[in-house]
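A closer look at the structure
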Amino acid sequence: MSTSRLPTIARRLLWVTAVGSLLIALAVTASAGLTVDAEVDELLDDVLQASAAQLAPLLLQSGAAPHTPPPDPEGEVRFAWAWYDSAGRTVRASPGAEPAAWQGAGSGFADRAHWRLYGLPLRGELGLLVVAQTRAERSEARREVISHALLAAMALTLLGLPLLAWRAQQELQPLQRLGERLASFDADRADPRGLPAALGAAQRGELLPVHEALATIAQRLGERLDFEREFSAQAAHLLRTPLAGMDAQLAVALREQPQQLRLQRVRQANQRLQHLVVALLRLFRPEPELRRKPVEVRSLLAGLPLGDLQLDAGPPCLLDADAELLAAALLNLVDNAQRHGATRLSLTAIPGGLRLADNGQGLAPEQLEALRASLQPNQQAPGLGLRLALLVASAHGGRIEIARVEPGFAIELHLMA
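Residues numbered from 1 in each chain as written. Predicted model: local features only at pLDDT ≥ 70, side-chain atom pairs only at ≥ 80, totals over all residues. Heavy atoms only, no water.

**Overview of helix α9 (residues 365-374)**
Short version of the rule: Using a 1.4 Å probe on the protein chains alone, a residue whose accessible area is under 20% of its type maximum counts as buried, one over 50% counts as exposed, and one in between counts as partly exposed. In this description a helix means any DSSP run of H or I spanning at least four residues, a strand means any run of E spanning at least two, and both kinds are numbered starting from the N terminus. Throughout, the arc means the angular range of directions from the helix axis out to the C-beta atoms.
Listed in full, the buried residues belonging to α9 are Leu368, Leu371 and Ser374. Buried positions in α9, seen along its axis, are confined to an arc of 120° and lie on one side of it. Opposite the buried face of α9, at more than 90 degrees from it, the exposed residues are Pro365 and Glu366.

Quick look at the structure:
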């Protein structure tokens, strides 16, 4: 998977921080709104009480004579009052008041359709003063307070988000440095036990277990590589010597009894085993080394134990390759051809490689496509023959491909990428 498609911790953290800050701002605004709703009502009720207390003496001084206050310059009624006598009849009222709707309000606070009322009994049995404020005025006050709170919260969020993002980036730098040092470590050539020194000390407590785990893995991997190197060196000597001795004894036996087909087959099998053992020991070493040189592949293939297979004549096929590894790969492909009923082989030179085809049973189209898919990177090639050929091609920096032929089967080894 491409690293450009993977979500980064920094990007996800920035996104979570932004969304979280926005949600916090909205939650704070909602909380402030609930608090303000109650406080605004209480504050405006206090204003009504204070207005009634100040207005009552003025009305009593001016008497019951009708008096028309100047109209509201904004043309919108927000506050009104009405004076009722002890019988409940309207004595005086301000413009915009609704005395008929307010009758029977009584002392204290009361609510009507569009008004919040407060009734104040006048001293001396002079009736009741009712002051009122429109509910629209109260709603507007709430909206203004809540909108200001929201704007303040959003402003703080927008101002604080860059600071939070910068701080989060600073805290992620040790993790980023750890990733960069891991990426720059040459795992193909360097001793894995040098990884802890390349990474340095853990810079955060959360990274300490990661450093310790990597140090443990690097130590075990280094010990494993030492064992594999020792095993490869010992196995190469312990296995090749007896196999070579067996081949020599079989060669002597065949000179004494040249018509013994069983001996010929045993010697061919022994030769195949020698090539396979050598190739496996070399390919699976921690640091395989290629011994490239000009190789005439047709002569190399003709000198291998082909059994009953016949190699078609053709022009020379020259390659710059490791002859020992190439011979092992070709032998395994020859075994595959024999198992699928082939009787003839044809070798063709292609740019940077070779093409080996047989006249065997071949594969069905769906099997061929599945086999091609298995040869893609990070896939497991089925069968030792193709697997070994793939390893040999990869060791040369190349690849293998399956060609479409009818009848039979053909494989291409590209040894130079």
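**Looking at the packing of aromatic side chains**
Defined as follows: Pairing of aromatic rings covers Phe, Tyr and Trp, the last through its six-membered ring, and needs centres within 6.5 Å; plane angles under 30 degrees mean stacked, over 60 mean edge-to-face, and all others mean tilted.
This structure, assessed with the given rule, holds 2 aromatic pairs. When the ring of Trp102 is compared with that of Trp115, the centres are 5.1 Å apart and the planes differ by 75°; the resulting orientation is edge-to-face. Highlighted residues: Trp102 in helix α2 (residues 99-102) and Trp115 in strand β4 (residues 115-121), separated in sequence by 13 residues. Pairing Phe109 with Tyr118 gives two aromatic rings, centres 4.8 Å apart and planes at 50°, and the pair type is tilted.

**Quick notes on helix α6 (residues 261-283)**
This is how the line gets drawn: A helix is expected to span 1.5 Å multiplied by its residue count minus one.
The terminal C-alpha atoms of α6, which comprises 23 residues, lie 33 Å apart, in line with the 33 Å expected from a rise of 1.5 Å per residue. Burial in α6 covers these residues: Asn270, Arg272, Val277, Val278, Ala279, Leu281, Arg282 and Leu283.

**Some details on the environment of Ala269**
Residue placement: Ala269 occurs in helix α6. The spatial distance from the C-alpha of Ala269 to the C-alpha of Asp247 is 9.8 Å, given a sequence separation of 22 residues.

**Thoughts on the pattern of salt bridges**
To keep it simple, the criterion reads: For salt bridges, the criterion is a side-chain nitrogen of Lys or Arg within 4 Å of an Asp or Glu carboxyl oxygen.
One pass over the structure, following the stated rule, counts 11 salt bridges. With its nearest N and O atoms 2.5 Å apart, the salt bridge here joins Arg167 to Glu171. Here the residue Arg167 and the residue Glu171 both occupy positions in helix α3 (residues 135-184), the gap between them amounting to 4 residues, near one helical turn. Given a relative accessible area of 40%, Arg167 falls into the partly exposed group. The closest approach of N and O atoms between Glu324 and Arg291, which form a salt bridge, is 3.6 Å. Linking Glu324 in helix α8 (residues 323-339) with Arg291 in the loop between α6 and β6 (292-296), this pair joins segments that are 33 residues apart in sequence. Residue Arg291 is classed as exposed on the basis of its relative accessible area, which comes to 52%.

**Observations regarding empty space enclosed by the protein**
What counts here: A cavity here means a set of 1 Å grid points, computed over protein atoms only, where a 1.4 Å probe fits but cannot escape. A pocket is an open set with protein on both sides within 12 Å along at least 5 of 7 lines, and lining residues have an atom within 4 Å of a point. Grid points are joined across faces, edges and corners, and a volume is the space filled by probe spheres set on the points. In this count, Pro and Cys sit with the nonpolar residues alongside Ala, Val, Leu, Ile, Met, Phe, Trp and Tyr, while Asp, Glu, Lys and Arg are called charged and the others, Gly among them, polar.
As enumerated under the stated definition, the model contains 1 cavity of 30 Å³ or more in all. Size it by volume and the largest cavity reaches roughly 50 Å³. Looking at the largest cavity, the residues that line it are Pro174, Arg177, Leu178, Arg181, Leu199, Ala201, Ala202, Gln203, Leu207 and His211. Considering each element in turn, the lining of the largest cavity owes the most residues, 4 residues, to α3. Residues that form the lining of the largest cavity fall into these classes: 6 nonpolar, 2 polar and 2 charged.

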